[in-house]
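So you can see what is in the structure, the chains are spelled out below.
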Amino acid sequence: MDKKIKTPFNKVIAAIDALNAQDPNYVIVDGEQFPKELLYSQRMTRQLERFENEASQELKIAARAQHICRWKSPREDYPMNRVGYLKWREDLKKMHAELTGTILKEFHYTETFIDRVQFLIKKKLIKKDSESQTLEDVICLVFLEFYFEDFAAKHEEEKVIDIVQKTWAKMSDKGHDAALTLPLSDTSLELINKALA
């Protein structure tokens, strides 16, 4: 029997995964079907492990819970304009933070610990708080590696270049270096190079 699962940290990760496994949206990877947000959360963890192998438990949990139950608040529920988009994103952060806080309380984490995880999930003080910046870097790296190509295929090149530039601006120098080592397609690399020229 695996004793690791009995630790509070592993119980929290398992609880996050159990919720994300309920995602009704599925993606196919290498012929295998995965709940969309469960796969995203696992990609976040793997990317964090590669990017920052001494991450705190708070940061590890925040990364795993970044999109917890995201399907419960669809973009279509908000006005399809810039104001609606920003309100949707802000409400999502609050929802993710509250759900994760509830899980952490179940396993008797301290208020200080919970507050820190929620602070990170809300991505506060990027560029000033090193862990918030690390989380933002990991989010951007996961987007570039796994979601950028599909995004680029659906949008005009001008919009794609703008998104790359905005993504790049959020990242640290360490994040930039990691991004340039990702296993990207020639098409993606060409678009990224255009954006950074």
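A quick note: this is a predicted structure, and the numbers were derived from the prediction, not measured.

Draft legend 1. Region of interest: the side chain of Asp23. Here Asp23 is to be found in the loop between α1 (8–20) and β1 (26–29). No salt bridge is formed by the buried Asp23; its nearest oppositely charged neighbour, Lys36, is found at 6.5 Å. At 3.0 Å, the side chain of Asp23 forms a polar contact with the backbone nitrogen of Glu37. With sequence-adjacent residues up to four places away left out, Asp23 is seen in contact with Pro35, Lys36, Glu37 and Trp71.

Draft legend 2. View of the pattern of salt bridges. Tallying each qualifying case throughout the model produces 10 salt bridges. Across the pair Glu52 and Lys174 runs a salt bridge, and its minimum N-O distance is 3.4 Å. Taken together, the residues Glu52 in the loop between α2 (36–51) and α3 (57–64) and Lys174 in helix α8 (residues 173–179) connect sequence positions 122 residues apart. Using a relative accessible area of 24% as the deciding quantity, one classes Glu52 as partly exposed. A residue is classified by how much of its surface remains accessible, and Lys174, at 40% relative accessible area, is partly exposed. Asp162 is the salt-bridge partner of Lys166, the closest N and O atoms lying 3.1 Å from each other. Residue Lys166 and its partner Asp162 are located together in helix α7 (residues 157–170), separated by four residues, close to a single helical turn. Residue Lys166 is classed as partly exposed on the basis of its relative accessible area of 45%. Connected through salt bridges with shared partners, the residues Arg116, Asp129 and Glu131 form a single ionic network.

Draft legend 3. Geometry of helix α5 (residues 111–121). Looking only at α5, the buried set comprises Phe113, Ile114, Val117, Gln118, Phe119, Leu120 and Ile121. Buried positions along α5 lie against α3, α4 (82–106) and α6 (130–154). The positive-phi residue at the C-terminal boundary of α5 is Lys123, with phi of around 55°.

Draft legend 4. Representation of the packing of α1 against α3 within the structure. Contact geometry for α1 and α3: axes closest at 10 Å, N-to-C directions at 10°. In terms of axis orientation, α1 runs roughly parallel to α3. Mapping the contact onto sequence places Phe9, Val12, Ile13, Ile16, Asp17 and Asn20 in α1 and Gln57, Lys60, Ile61 and Arg64 in α3. Considered class by class, the residues forming the contact of α1 with α3 number five nonpolar, two polar and three charged.

Draft legend 5. Focus on the nonpolar core. Within the largest apolar cluster, 50 residues are counted, with the highest numbers of intra-cluster contacts made by Met44, Ile61, Leu104, Leu135 and Phe148. Not counting the four nearest positions on each side in its chain, Leu135 is found in contact with Met44, Leu59, Ala62, Ala63, Gln66, Leu120, Ile121 and Lys123.

Draft legend 6. Up close: the packing of α5 against α6. Packing of α5 against α6 leaves a shortest axis separation of 9 Å and a crossing angle of 45°. Taken together, the axes of α5 and α6 are oblique relative to one another. Between α5 and α6 lies a crossing of right-handed hand. Residues Arg116, Phe119, Leu120 and Ile121 of α5 form the contact with α6, whose own contacting residues are Glu131, Ser132 and Leu135. When its residues are assigned to classes, the contact of α5 with α6 shows four nonpolar, one polar and two charged.

Procedures and definitions
Residues numbered from 1 in each chain as written. Predicted model: local features only at pLDDT ≥ 70, side-chain atom pairs only at ≥ 80, totals over all residues. Heavy atoms only, no water. Helix = DSSP H or I, 4+ residues; strand = E, 2+ residues; numbered from the N terminus. Buried < 20%, exposed > 50% of the residue type's maximum accessible area, 1.4 Å probe, protein only. Lys, Arg positive; Asp, Glu negative; His and termini not counted. Salt bridge = Lys/Arg side-chain N within 4 Å of Asp/Glu carboxyl O. Polar contact = N/O pair within 3.5 Å; in protein donor to acceptor, adjacent residues only side chain to side chain. Contact = heavy atoms within 4.5 Å. Axes fitted to C-alpha atoms, helices over the stretch in contact; angles between N-to-C directions. Parallel < 35°, antiparallel > 145°, perpendicular 65-115°, else oblique. Nonpolar A, V, L, I, M, F, W, Y, C, P; charged D, E, K, R; others polar. Core = buried A, V, L, I, M, F, W, Y, C linked by side-chain atoms within 4.5 Å. Left-handed = near helix turned anticlockwise from the far one by under 90°.

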